[in-house]
Amino acid sequence: NNSLKDKRRGKIDRSLIDMFVLHELLQLCAKRRSLLVGKSCHGLAIHFGLVTDTVTCNILINLYTKCGRNDCARHVFDAMLARSIVSWNTMIAGYTQSGEDVQALKLFQRMHREGRQLTKFTLSSTICACAAKYAINDCKQLHAIAIKLALDVNSFVGTAILDVYAKCNMIKDACWVFEKMPDKTLVTWSSLFAGYVQNGLHEEALCLFRNAQREGVKLSEFTLSAIISACASLALKIEGTQLHAVIVKCGFHGNFFVAASLVDVYARCGQIEKSYALFAYMEQKNVVIWNAMIAGFSRHAHSWEAMILFEKMHQLGIFPNEVTYLSMLSVCSHAGLVEEGRHYFNLLMSDQTVEPNVLHYSCMVDVLGRSGKTDEAWELIHKMPFEPTASMWGSLLGSCRNHNNSGLARIAAEQLFQLEPDNGGNHVLLSNVYAASGNWENVLMARKYLKDSGAKKEIGRSWIEAKGKIHVFVVGERKHPAITDIYNKLEEIYHDMRKFAHMTKIECDLHDVHDDQKEELLKHHSEKLALAFGLISLPPNIPIIIHKNLRICGDCHSFMKVAAHITERLFIVRDVNRFHHFKDGSCSCGDFW
C-alpha cells in the first residue's frame, strides 16, 4: 500500500512540475512576444489536459493579447469552464491596448450584467477604452460605478477618468477628479499636464508645473514634453531655455519626444538657428524630430531648407507621415510654390502608407488660393472625399480677398456663416473683400450683418517682452506708461522714412474715409507701437521680437522693412501665420504671406 501511495504521489508531483514549467514557459513567451513557441506550449497544455485549468488559461490569454492575437485569446476565454476576475481583466486590457475599444466596452457590459466583481484594473482598462473612442457618456457611467464601489479615489481609476475628461474637452471635470485624488502618481500629473496643453490652456499648464515642483513631484519625459509644448505655444523664450537646462540635468535630452519639443520651442520663439543646432546635434532622429524641424523652417519662411530636409529623410530611409506632408504643403502655401505643392500633394496621394485627410486638402486649397488660383481651389473642394471645414472656407475667403474674387468670396462667406455663426472675423473678411474693390454699399451691409448677428470680432494685439515683462499694445494705444515716448519714437521713424520716399500703403486701410485719415489710422497699428517701444527699451545689439494675434497688414509689413534698414536692426514679427525676419530692407517671406 505504501508503495502504491508513493507511486501516486510521484505521478502527482510530476504533473505539478509539468504545469509549473509550462506556466514559466508561457510567461517567458508573453514577455518576449514569442507567438510560435507560445502556440507550441498551448499544444502541450492541451496534451497534458491543462486547458480546463483557470490559471493556465489566464496565462494563455495574456500570451495571446501580448502578441497581438486577441482572436486566439478570445477563443481561449470563451472555451473556459470557469473564469476568474483575472480572466476578464486580461481580456478587456488586451482589447484596450490593441485599440479594439468597442470590444473592450462590450465585454465589460457582459461582465457587469453577469454580476461579476469589478476591480480597479477592470475599471481603469475599460475607462482607457472610453478615452480612445472619446466615449464620454460611457465614461460618466463608469465614473458613477467607481464612486459607488469607492474606487474613484484609486490612482489607476482616477487617472483613467481624468484622462477621458481631458481628451473630451471637459477640463474642469478633469481638474475636479484630480483634486479629489488623495494619492497622485507621476502618471496622474502627466495626464493633467497633457490635458491642459491639448485644451489650449498653456498658462494653466505652467502654473500646474510650478505646483508640481513645489510639491517635489518627480519629472518624467512626458511631463517635460508637455510643458515645453506649452512654452512653445506661448513663445516663452526664457522659460523654454530654463526647461532645456532642467532636461539636460535630468538626462532626458536624448528622448525623441522631448528633443522634438525643444526644437519646436526654439523655432516658435524666433530662434530658428538654435532650433536647427539642436536638431543637428541629435545623433539619432525619428520622424517626430524631422517633422518638428521642417515645421520650424516652414514658420520662418525657409522653404528650400524644408525641402532639403524632406529629401534627406528619403535618403536616410525615414518615411514621411501625415504630419510631414502637412508641413511640406504648408511650406509651399506660404512661399507661393504652386508646382512644388502639387508635387507633394501627388506624392501623398501615391503613398500607400499614409492616408490623406481633410487637413491635407485644406492645405492644398490654401496653396492654390494664396497664389490666385481661387477657381482651381474651389474645384478641389468639390472633388475631395470630405466635407469642407470652416478652416477651408476661411482660407478660400481670405484668398478671394487678396485676389479680388468677390463672387466666390460671397459663396465661401455664406458657408462660413453657417458653420461659425459666432465668428465675427468671417463678416469682417467679407467686408474687406467688398472694401478692397470699393463696393462701400456692400461693406455697410456686411458690417450691419456683423452687428445684428452679435458675433464678436477679435481685436488686434501685439506684444513684446522687455526686462522680464510682457507689454501688450492695441491700435491707437493710450494707456501704456511710456506712451508719449513711444509716439515720439514713431514720429522720428516716420520722419527718417520720408528721406527714403516711403509712402504709407493707404489701400491697406479698408475704411470709407479720406486718404489722410487712412494714413493716420495705419500709423498707430499695434505692431508699430510695439516696435517703437522695443527701440527705446531694448539694447541695440539684440533682435526685437514682436508677437501678433492676427495677420500683419501690408502697410505694417512695408514699414518694418524700411525701419529695419534705417535702424540697422533685426526685427522678428510672429503673426498668426508665420515669422517675418526683417533685415536690411527686406523680409524673409519674400513679400508673400
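Along every chain, residues carry numbers that run from 1 in the direction the sequence is written. For a predicted model such as this one, the threshold for reporting local features is a pLDDT of at least 70, and the threshold for listing and counting side-chain atom pairs is 80 or more; totals across whole chains, interfaces and linings nevertheless cover every residue. Values shown for side chains rest on all heavy atoms present in the structure; no hydrogens or waters enter the calculation.

(A) Representation of the environment of G341 within the structure. Strands here are runs of E lasting at least two residues and helices are runs of H or I lasting at least four, both read from the DSSP assignment and numbered beginning at the N terminus. Looking at where G341 falls in the secondary structure, it is placed in helix α20 (residues 338–350). We call a residue buried when its accessible area falls under 20% of the maximum for its residue type, exposed when it is over 50%, and partly exposed in between, using a 1.4 Å probe and counting protein chains only. The class of G341 is buried, set by a relative accessible area of 0%. A sequence separation of 11 residues divides G341 from S330, and the C-alpha atoms of the two residues are 8.5 Å apart. Throughout, a residue-residue contact means that at least one pair of heavy atoms, one from each residue, lies within 4.5 Å. Residues contacting G341, with those up to four places away along its chain left out, are L329, C332, M364 and V367.

(B) Focus on the packing of helix α14 (residues 237–250) against helix α15 (residues 256–268). Only C-alpha atoms enter the line fits that serve as axes; for helices the fit covers just the stretch in contact. Angles between N-to-C directions range over 0 to 180 degrees. One can describe the packing of α14 onto α15 by two numbers: an axis separation of 10 Å at closest approach and a directional angle of 155°. Considering the angle they form, α14 stands roughly antiparallel to α15. Crossing handedness for the pair α14 and α15: left-handed. Here α14 contributes G240, T241, H244 and I247 to the contact with α15, which in turn contributes V258, L262, V265 and Y266. When grouped by side-chain class, the residues that make up the contact of α14 with α15 number 5 nonpolar, 3 polar and no charged. Put simply, angles under 35 degrees are roughly parallel, angles over 145 are roughly antiparallel, angles from 65 to 115 are roughly perpendicular, and the rest are oblique. Should the near helix be turned anticlockwise from the far one by less than a right angle, the crossing is termed left-handed; should it be turned clockwise, right-handed. The residue classification treats Ala, Val, Leu, Ile, Met, Phe, Trp, Tyr, Cys and Pro as nonpolar and Asp, Glu, Lys and Arg as charged. All others, Gly included, are polar.

(C) Main features of the side chain of H480. Inspection of the secondary structure puts H480 in the loop between β2 (469–474) and α27 (483–497). In protein, a polar contact means a hydrogen-donor-capable atom and an acceptor-capable atom, both N or O and within 3.5 Å, with residues adjacent in sequence counting only if both atoms are side-chain atoms; elsewhere, any N or O pair within 3.5 Å suffices. Only 3.0 Å separates the side chain of H480 from the backbone nitrogen of A482, close enough to count as a polar contact. Residues contacting H480, with those up to four places away along its chain left out, are H471, F473, I486 and F533.

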